[in-house]
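Geometric and topological summary
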Amino acid sequence: MQVIKSISELRSMIKKWKKDALTVGLVPTMGYLHEGHKSLIERAVNENDRVVVSDFVNPTQFAPNEDFESYPRDIKADAALCEKVGADVLFNPEAEEMYDNALTTVSVAKITETLCGRTRPTHFAGVCTVVSKLFNIVTPDRAYFGQKDAQQLCVIRKMVKDLNFDIEIVGCPIVREADGLAKSSRNIYLDTREREAALCLSRALKMGRDMVENGEESAAAVIETVEREIQKEPLARIDYVEAVSFDNLRPLVKIQKPLLCAVAVYIGKTRLIDNFIIE
Ligand code: PAF
């Protein structure tokens, strides 16, 4: 497994692979890899001849008041995990290599203005720009994204369709700790009491999912149950609880598939997201 920092070096390696008609999978990440990322890489390794994992804390998707500086980084541990799982390249560019005074951005309208887009209005343009760049650099056959970032997955799918990227987008299930907390690089910010409190997200979502599976048809009733459960936790402050169509992210009145029930909740200063999807 090779760690590559330069775009041109990565491109020449990919050119050779393509000449040999090898398929390429891309797993875009911001590093500090955990079991969730591992499951994406494993799937990519199973489904492609070669796999590139990108490891880049992308500055353009953080607002000035967010955690870009403190976002956890551990390139050595990331490289060891990628090697173990069977990735071929860990692409770890510097910000200058990726952006080099760039003036171009890629943005998707409407579906980036709801859910996380309300509190993070510049976030998805940063994500779409860096993901487009990675797609153009790596030209993968398939790219792998976690369903924990369900809105991101929906936005990337729309961008790929709208801009005619010839890439299959593979959404992979959320990986959870044994007690239900969704794996996230940001879980490291939680102290012991907050870690305990954070369980209210998965607990509340499980109650919501059970309601839907037992035939509840009212989106408002599901949302109310999820909100009420989270509000029992004194350290939790709800950003949003929503039930939307997983196609276009429009709010649902009556529960229908594909359903995305998504939450964003501050536990202390840490903003966590989680969801369930019924397709
Ligand atoms: O999901 C992430 O880790 C990031 O948003 C992504 C897709 C790697 C873009 O920086």
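Predicted model only: the values in this text are computed from it and were never measured.

**Quick notes on helix α1 (residues 7-19)**
In this model, α1 (13 residues) spans 18 Å end to end at C-alpha, consistent with the 18 Å of a helix rising 1.5 Å per residue. Every buried residue belonging to α1 is among I7, L10, M13, I14 and W17, and all of these are buried. Down the axis of α1, the buried side of the element spans an arc of 130 degrees, and every buried residue falls inside it. Away from its buried face, by an angle of more than 90 degrees, α1 presents the exposed residues S8, K15, K16 and K19. The inward-facing, buried residues of α1 contact β1 (2-4), β2 (24-29), β3 (50-55), β4 (89-91), α4 (95-99) and α6 (123-138). At the C-terminal side of α1, A21 shows a positive phi close to 60 degrees.

**Observations concerning the pairing of strand β8 (residues 259-267)**
In terms of burial, β8 is a largely internal element, 9 of the 9 residues being buried. Judged by which residues are buried, β8 turns out to be covered on both faces: L259, C261, V263, V265 and I267 on one side and L260, A262, A264 and Y266 on the other are all buried. Two strands pair when backbone bridges link them, and strand β7 (residues 236-245) and β8 are joined in this way by 9 bridges, in the antiparallel orientation. Residue pairing in the sheet places Y240 in a bridge with A264 of β8.

**Points about the side chain of S185**
Summarising the element assignment, S185 is placed in the loop between β6 (168-172) and α8 (192-197). Among the polar contacts listed, one links the side chain of S185 to the backbone oxygen of Y32, at a separation of 3.4 Å. Apart from the residues lying within four places of it in its own chain, the contact partners of S185 are G31, Y32, H34, H37, Y71 and P72.

**So, the sheet that holds β2**
Ordered in space as β1-β4-β3-β2-β5-β6, the 6 strands form an open sheet in which the pairing is parallel. Among the strands making up the open sheet, the edge pair consists of β1 and β6. Strand-to-strand twist in this sheet, taken as the mean axis angle between neighbours without regard to direction, amounts to 25 degrees. Pairing analysis gives 3 bridges linking β1 to β4, with the strands arranged parallel. For Q2, the partnering residue across the bridge sits in β4 and is V89. Together, β2, β3, β5 (142-146) and β6 form the strand contacts of helix α2 (residues 35-47), whose direction differs from that of β5 by roughly 160 degrees. Strand contacts of helix α3 (residues 75-85): β1, β3 and β4, with the helix running at about 150 degrees to β4, the strand carrying the most contacts.

**Some thoughts on α2**
With 13 residues, α2 ought to run about 18 Å at 1.5 Å a step, and its terminal C-alpha atoms sit 18 Å apart, in line with that. Tucked inside the fold, the buried residues of α2 contact β2, β3, α3, β5 and β6.

**Here we look at the nonpolar core**
When a protein is soluble and globular, its nonpolar side chains tend to lie buried together. In terms of nonpolar packing, the biggest core is built from 49 residues, with L10, V52, F91, M98, F135, I169 and L260 touching the most fellow members. No other element matches α6, which puts 9 residues into this core. Once you skip the residues sitting within four places of it in the chain, F135 turns out to touch L26, P140, A143, F145, I156, M159, V160, F165, I167 and I169. Formed by 29 residues, the second largest nonpolar core is a distinct cluster that contains A198, M211, I223 and L272.

**Overview of the site of the ligand**
As a matter of local geometry, the ligand sits amid P28, T29, M30, N58, Q61, V127, V130, V131, F145, D149 and Q152. The separation between an oxygen atom of the ligand and a polar side-chain atom of Q61 is 2.6 Å. Take Q152: an N or O atom from its side chain is 2.7 Å from an oxygen atom of the ligand. Across the complex, the protein chains shield 88% of the 290 Å² of accessible surface that the ligand would expose by itself. Elements that contribute at least two residues to the shell around the ligand include exactly β2 and α6. When residues in the shell around the ligand are grouped by element, the largest group, 3 residues, is from α6. For the shell around the ligand, a count of residues per class yields 6 nonpolar, 4 polar and 1 charged.

Calculation rules
- Residues numbered from 1 in each chain as written.
- Predicted model: local features only at pLDDT ≥ 70, side-chain atom pairs only at ≥ 80, totals over all residues.
- Heavy atoms only, no water.
- Helix = DSSP H or I, 4+ residues; strand = E, 2+ residues; numbered from the N terminus.
- Expected span 1.5 Å × (residues − 1).
- Buried < 20%, exposed > 50% of the residue type's maximum accessible area, 1.4 Å probe, protein only.
- Arc of directions from axis to C-beta.
- Contact = heavy atoms within 4.5 Å.
- Pairing = 2+ DSSP bridges.
- Polar contact = N/O pair within 3.5 Å; in protein donor to acceptor, adjacent residues only side chain to side chain.
- Axes fitted to C-alpha atoms, helices over the stretch in contact; angles between N-to-C directions.
- Core = buried A, V, L, I, M, F, W, Y, C linked by side-chain atoms within 4.5 Å.
- Near = heavy atom within 4 Å.
- Areas by Shrake-Rupley, 256 points an atom, 1.4 Å probe, with all protein chains shown as cover.
- Nonpolar A, V, L, I, M, F, W, Y, C, P; charged D, E, K, R; others polar.

Note that every value here comes from positions in space, so none of it alone points to a role or purpose.
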